[in-house]
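Structure assessment
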Amino acid sequence: MAERRLLVLFGSQTGTAQDTAERIGREAKRRHLRCRVEALDSCDVANLIHEPLVVFVCATTGQGDPPDNMKVFWRFLFRKNLPAGSLCQLDYAVLGLGDSSYPKFNFVAKKLHKRLLQLGGNPLLPVALGDDQHDLGPDAVVDPWLVALWDKILALYPLPPGLEIISPNVCLPPKYTLHYLPEDSPHPDSDRLQPTAPRAAPCELHPFAARVVSNKRVTAQSHFQDVRLIEFDIAGSGITFSAGDVVMIQPQNCPEDVQQFCQLLRLEPHRRFVLEPTEPGTSLPPLLPQPCTIQYLVTHYLDISCVPRRSFFELLAYFSTNELEREKLQEFSSAQGQEELYSYCNRPRRTTLEAMWDFPHTTCAIPADYLLDIIPRIRPRAFSIASSVLAHPERMQILVAVVRYKTRLSKPRRGLCSTWLASLNPEQGDVRVPLWVKKGGMKFPADPATPVIMIGPGTGVAPFRAAIQERVALGHRGNCLFFGCRHKSKDFYCQTEWEELVTKGLLTLFTAFSRDQEEKVYVQHRIRENGRLVWELLSSGNAHVYLAG
């Protein structure tokens, strides 16, 4: 009998595709299939020719782009020299997650499906196109598609004699077991992010611990929004970047939330543990030191401030000792309960920690082994780099708007990363932030004669500050900036810097302060008013136009 094994590969940017892939992995285990769930870039693509059965779960980002963790796979798969029948032994299915409000809806999944067909793959089902815009979210498509998928798979790989599908009422074993170490075992100081010079350029698995040099508020104290210009020291990091590049920052949870979480789950923050995979072949989470403390796990790894997904409630229901709580958790994890879950979680942006407060009997019964199954890891955040090394050698600056807004919940919602960054005070000692750089989508012209028109309202001006600093240092003229904000006196970022460049004739600046007069004035009004100049730059100067929000 053919070996009953399934590979689930995902390309995920925000975690939704990974969550769905892990759900498929759990459902496979209930059907006694040997199953691996991996990011597309973690698997050796050349080995696909040996895989009998693969399910691909892919998100589409930006303008029809593949997520970061499948870009290497994507380039390989579209190589011209791959033989047409190279995947003829492969049975596959593609599940796409997208948003129909974007023109290239589920572009990656559609293109992948087509390419696998070209290479001789055999599709078990038509490509599924999950849509964020649907009232019930992508699950409206995912749920029925999965039912059909399991029918197909079980027809190809029937259950071995004497085995039945494991009931959904039975809790599957956790991915890892957590072994506490004796209190008195010696421990190296592994919890501290060391600012060591990396072997290669820093990356997600090996970030650089950059020292915070300064953290300045650049909006007036009376202004509703707190915006910071933060500077990092990157000397000795091996980091290189140019205008338009992006810095990825790995944030952490605030101490109050960590303390509350440990109290709710009755965890001892300073207990040390090692993780062991339940199944051989499962790799350990790469960003966790071994051994590790509960404090480190909750501070740096578990995303307790994210809005919980359906799978969170599904897993929680298994541990509930309270009938009322269990019924509610089961409703939230059912297909019929998705509208109610949306109203409870997504609309008010309720966090995982807040949801746990609402289910106290269940929360205190969660076994520590399941923490990494229930709560996703903290994802890195991307910021446009707002400075050039040509103007600030061995330094990097970012412009950060601190996210804070109200929903129907009494406590204001706060952005995890921006709130953490704003709280860092370099005057209180050696404050460090784990970061690495990614190539950005904006490329500025190398030809010094090519003018650039940059439209950057609000913090959208960040990449243009880097570009202007770089271009001025290289002696490139033809720098034209349209900047917009609410008030000249409150949120005109980098005002003196722009004015100095204008005085020196190195920058043409147009500003729109929307609230400084009766009629609201935005950058588009200034572009229209200066239409002749813009057209001249475009038609005779071959200007490049850049827009950032």
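Residues numbered from 1 in each chain as written. Predicted model: local features only at pLDDT ≥ 70, side-chain atom pairs only at ≥ 80, totals over all residues. Heavy atoms only, no water.

1. Observations concerning the packing of aromatic side chains
- In the structure shown here, the tally under the stated rule is 13 aromatic pairs.
- Taking 6.1 Å as the distance between ring centres and 35° as the angle between the ring planes, the aromatic pair formed by F56 and F73 counts as tilted. Note that F56 is positioned in strand β3 (residues 53-59) and F73 in helix α2 (residues 71-77), a separation of 17 residues in sequence.
- Exposure remark for F73: the relative accessible area of 0% places this residue in the buried category.
- Where F313 meets Y344, the ring centres are 6.2 Å apart and the plane angle is 70°; that geometry is what we call edge-to-face. Remark: Y344 occurs in helix α9 (residues 338-346) and F313 occurs in helix α7 (residues 310-319); sequence separation between them is 31 residues. As far as the burial class goes, F313 and Y344 line up, both buried. (Phe/Tyr/Trp six-rings, centres within 6.5 Å; stacked < 30°, edge-to-face > 60°. Helix = DSSP H or I, 4+ residues; strand = E, 2+ residues; numbered from the N terminus. Buried < 20%, exposed > 50% of the residue type's maximum accessible area, 1.4 Å probe, protein only.)

2. Focus on a nonpolar patch on the surface
- Side chains of V389, L390 and L474 sit close together on the surface and give an oily, nonpolar patch of about 250 Å² of accessible area.
- Here L390 shows up in the loop between β13 (381-384) and β14 (395-401). (Patch = residues over 30% accessible without salt bridge, like charges linked within 9 Å, V, L, I, M, F, W, Y side chains within 5 Å. Areas by Shrake-Rupley, 256 points an atom, 1.4 Å probe, with all protein chains shown as cover. Salt bridge = Lys/Arg side-chain N within 4 Å of Asp/Glu carboxyl O.)

3. Some thoughts on the sheet that holds strand β11 (residues 272-277)
- Pairing is antiparallel across the open sheet formed by three strands, whose spatial order is β7-β11-β12. The open sheet has two edge strands, β7 (176-180) and β12 (292-293), and neither has a second partner.
- Bridge count for β7 against β11 is five bridges, and the pairing is antiparallel. Counted as the bridge partner of H179 is V274 from β11. (Pairing = 2+ DSSP bridges.)

4. Some points on the sheet that holds strand β21 (residues 544-547)
- The four strands are arranged β20-β19-β18-β21 in an open sheet whose pairing can be described as parallel. Edge positions in the sheet fall to β20 (508-513) and β21, since each of these pairs with one other strand and no more. Along the sheet, successive strands turn relative to each other by an average axial angle of 10°, direction set aside.
- Examined bridge by bridge, strand β19 (residues 479-485) and β20 share six bridges and lie parallel to one another. Across the sheet, G484 pairs through a bridge with A512, a residue of β20.
- Across the face of the sheet, helix α17 (residues 531-539) comes into contact with β18 (452-455), β19, β20 and β21 while running at roughly 135° to β18. (Axes fitted to C-alpha atoms, helices over the stretch in contact; angles between N-to-C directions. Contact = heavy atoms within 4.5 Å.)

5. Re the pattern of salt bridges
- Enumeration according to the criterion identifies 26 salt bridges in this entry.
- A salt bridge links K328 to E331, with the nearest nitrogen and oxygen atoms 3.4 Å apart. Here K328 and its partner E331 are both found in helix α8 (residues 323-332), three residues apart, which amounts to about one turn of the helix.
- Sharing partners across several salt bridges, the network here consists of R23, E27, D139, D143 and R310.

6. Here's the deal with helix α6 (residues 294-301)
- Counted residue by residue, α6 has six buried out of eight residues, so it is predominantly covered.
- In this structure, the buried residues of α6 make contact with β7, α5 (255-264), β11, β12 and α12 (371-374).

7. Some words on the pairing of strand β17 (residues 432-438)
- Taken together, the four bridges between strand β8 (residues 208-217) and β17 define a ladder with antiparallel strand orientation. In the strand pairing of β17, R211 is matched with R432.
- Two elements, strand β10 (residues 246-249) and β17, share four bridges in a ladder whose sense is antiparallel. Each bridged residue has a counterpart across the sheet, and for V247 the counterpart in β17 is V437.

8. Quick word on the nonpolar core
- Ranked by internal contacts, the top residues of the largest apolar core, which has 42 residues, are F261, L297, L302, F313 and I374.
- Top element by residues in this core is α7. It accounts for six residues.
- Once residues lying within four places of it in the same chain are set aside, the contact partners of L302 are N253, F261, L297, L371, L372, I375, P376 and I378.
- Grouped together as the second largest cluster of nonpolar side chains are 28 residues, M454, A466, C494 and A548 included. (Core = buried A, V, L, I, M, F, W, Y, C linked by side-chain atoms within 4.5 Å.)

9. Focus on the confidence of the model for the protein
- When pLDDT is averaged along the protein, the result is 94, and 97% of the positions lie at 70 or above.
- Low pLDDT, under 50, characterises residues 194-198; the stretch is placed with nine contacts to residues that sit more than four places away or in other chains. (pLDDT = per-residue confidence, 0-100.)

10. Focus: the environment of P144
- Residue placement: P144 occurs in helix α4 (residues 139-156).
- Considering only alpha carbons, one finds P144 and A128, 16 residues apart in sequence, at a separation of 9.8 Å.

11. Here we look at unusual backbone geometry
- Between Q290 and the following residue, P291, the backbone shows a cis peptide bond with an omega angle of -10°.
- Position of P291 relative to the elements: it lies in the loop between β11 and β12.
- The phi dihedral of H32 falls on the positive side, at around 60°, and the residue is not glycine.
- A positive phi angle, near 55°, is found at R266, a position not held by glycine.
- Relative to the assigned elements, R266 resides in the loop between α5 and β11.
- Classification of R266 as exposed rests on a relative accessible area of 66%.

12. With respect to the UniProt feature "domain: FAD-binding FR-type" (unreviewed entry) in the protein
- Following the UniProt record, the feature "domain: FAD-binding FR-type" (unreviewed entry) maps to residues 205-445 here.
- Secondary structure across residues 205-445 comprises 29% helix and 21% strand; the distance between its end C-alpha atoms is 32 Å. (UniProt positions renumbered as here; feature names shortened; annotations may be inferred.)

13. A short note on the domain arrangement of the protein
- For the protein, the assigned domains read domain 1 (5-156), domain 2 (208-250 + 380-438), domain 3 (255-374) and domain 4 (452-547).
- Here the C-alpha centre of domain 4 lies 23 Å away from the C-alpha centre of domain 2.
- Of the roughly 1600 Å² buried where domain 2 meets domain 4, counting both sides, 65% is carbon and sulfur surface.
- When the area that domain 2 buries against domain 4 is broken down by residue, the three leading residues are A243, L390 and L399, summing to 29%.
- Put simply, domain 2 and domain 4 have zero salt bridges between them.
- At the level of secondary structure, the elements contributing two or more residues to the side of domain 2 that touches domain 4 comprise β9 (227-233) and β14.
- The element that contributes the greatest number of residues to the side of domain 2 that touches domain 4 is β14, accounting for three residues. (Domains from an automatic or database assignment. Buried area = accessible area lost by both parts, 1.4 Å probe.)

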